[in-house]
Amino acid sequence: MSALKNLKLYYFTVVQGSTTMGRGENIRLLLEDAGVDFEYIRYNAAQWQEEKQKLLDQNIRNPTMPFITIDGKYYGKTAPLLRFLSHKLGKYEGDNEDEFQLLDVYTDMANDWVGRWVKTVFGNPSEETVKTYREETAPQTFKTWDDILSDTKGPFLLGEKISYADFTLFHMLEDDTTIKVCAETYPHLSAFVEAVNNRPNLKKYLATDRK
Ligand SMILES: N[C@@H](CCC(=O)N[C@@H](CS)C(=O)NCC(=O)O)C(=O)O
């Protein structure tokens, strides 16, 4: 784990009044689960504009948050960071090429989900957009993930072993509160959430104020 010494994670302070909403939390959950020591640096919108300019001045191309630095070196973009960190840690990345591909697929699906969900939360969405999402898109999305989880013995996407895609799924279920993940309707999703909540390091972290 020495390769991950002096790691800093950067994301916004608050998104829609929440200190956990948004992409930064995916990375944080992985780092917390792995027990990696890191500093979480939070910027408000104005600070980010200043910091973004500094990164551009250092020839960092297309800087966005979340990003991390390891010994001062910049690494960007959420899903690539999850893969990069998993690879460095030697866990969470799957055990064979089929699993690597599946995790890519699940991450892609979660990104598509983010794309659909954000339209109902940000930018003053129309009533119709919200209604369609609530009544059609969200139930379909939740059902698909429940079905995927039913393909293995669970509780995680690849079965017994947790992977980086699980942190993304878990966090999307935190962000998208359209539907309650109850055991009657979504038994596999419900068991999944419980299993993530009970990961020893995450259990401690999730009990904090998560600032
Ligand atoms: N594909 C990128 C998207 C990153 C992104 O759009 N981040 C937003 C916050 S969630 C951001 O940094 N917005 C401010 C900006 O682009 O300057 C990823 O998954 O990390």
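Definitions and cut-offs
Residues numbered from 1 in each chain as written. Predicted model: local features only at pLDDT ≥ 70, side-chain atom pairs only at ≥ 80, totals over all residues. UniProt positions renumbered as here; feature names shortened; annotations may be inferred. Helix = DSSP H or I, 4+ residues; strand = E, 2+ residues; numbered from the N terminus. Buried ≥ 20, exposed ≤ 12 C-beta atoms within 10 Å, placed from the backbone. Near = placed C-beta within 6 Å. Nonpolar A, V, L, I, M, F, W, Y, C, P; charged D, E, K, R; others polar. Core = buried A, V, L, I, M, F, W, Y, C linked by C-beta atoms within 7 Å. Domains from an automatic or database assignment. Contact = placed C-beta atoms within 7 Å. Pairing = 2+ DSSP bridges. Axes fitted to C-alpha atoms, helices over the stretch in contact; angles between N-to-C directions. Parallel < 35°, antiparallel > 145°, perpendicular 65-115°, else oblique. Left-handed = near helix turned anticlockwise from the far one by under 90°.

In the annotation of an unreviewed UniProt entry, the chain is listed under the name Glutathione S-transferase and assigned to Thamnidium elegans.

Novice: I'd love a proper account of the UniProt feature "domain: GST C-terminal" (unreviewed entry) in the chain, names of residues and values included.
Specialist: Annotation from UniProt places "domain: GST C-terminal" (unreviewed entry) at residues 96-211. Along residues 96-211 the backbone is 68% helical and 0% strand, and the end-to-end C-alpha distance reaches 36 Å.

Novice: Can you break down the environment of Tyr 10 residue by residue, with the values?
Specialist: Its place among the elements puts Tyr 10 in strand 1 (residues 7-12). According to the C-beta neighbour criterion, Tyr 10 is buried, with 23 such atoms within 10 Å. Each C-alpha atom, one on Tyr 10 and one on Asp 147, is 34 Å from the other, the two residues being 137 residues apart in sequence.

Novice: Would you mind going over the site of the ligand in detail, with residue names and values included?
Specialist: The environment of the ligand is made up of Gly 22, Arg 23, Lys 52, Thr 64, Met 65, Lys 77 and Thr 78. Here the residues of the shell around the ligand sort into 1 nonpolar, 3 polar and 3 charged.

Novice: Can you tell me about the nonpolar core, naming the residues and giving the values?
Specialist: By size, the foremost hydrophobic cluster in this structure holds 36 residues, and its most contacted members are Ile 27, Leu 30, Leu 82, Leu 157, Tyr 164 and Leu 169. Among the secondary structure elements, those contributing two or more residues to this core are strand 1, helix 1 (24-34), strand 3 (67-70), helix 3 (78-89), helix 4 (97-121), helix 5 (127-150), helix 6 (164-175) and helix 7 (187-197). Per-element accounting of this core gives the leading share, 7 residues, to helix 6. Two domains each put at least three residues into this core: domain 1 (2-91) and domain 2 (97-201). Excluding anything up to four places from it in sequence, Ile 27 contacts Leu 9, Pro 66, Ile 68, Thr 78, Leu 81 and Leu 82.

Novice: So what about the sheet that holds strand 4 (residues 73-76)? Which residues, and what values?
Specialist: Through backbone hydrogen bonds, the strands of a sheet pair up, either in parallel or in antiparallel fashion. Overall, mixed pairing links the 4 strands, which are arranged 2-1-3-4 in an open sheet. Only two strands of the sheet have a single neighbouring strand rather than two, namely strand 2 (38-43) and strand 4. The mean inter-strand angle of the sheet, taken between neighbouring strand axes irrespective of direction, is 25°. As paired elements, strand 1 and strand 2 share 6 bridges and run parallel to each other. Within strand 2, the position partnered with Phe 12 by the bridge is Tyr 43. Here helix 1 sits on the sheet and contacts strand 1, strand 2 and strand 3; the angle it forms with strand 1, its principal contact strand, is near 150°.

Novice: So what's going on with the UniProt feature "domain: GST N-terminal" (unreviewed entry) in the chain? Residues and values would help.
Specialist: UniProt tags residues 11-93 as "domain: GST N-terminal" (unreviewed entry). The span residues 11-93 carries 43% helix and 19% strand; its end-to-end C-alpha distance comes to 23 Å.

Novice: Describe in detail the packing of helix 4 against helix 5, supporting the description with residues and values.
Specialist: When two helices pack together, their arrangement is given by the angle between their axes and by how far apart the axes lie. Two numbers describe how helix 4 lies on helix 5: the axes approach to 9 Å, and their chain directions differ by 155°. With respect to their mutual orientation, helix 4 and helix 5 come out roughly antiparallel. Here helix 4 runs over helix 5; the crossing is left-handed. On helix 5, the residues that touch Trp 113, Arg 116, Lys 119 and Thr 120 of helix 4 are Thr 129, Val 130, Tyr 133, Thr 137 and Thr 141. Here the residues of the contact of helix 4 with helix 5 are counted per class, giving 3 nonpolar, 4 polar and 2 charged.

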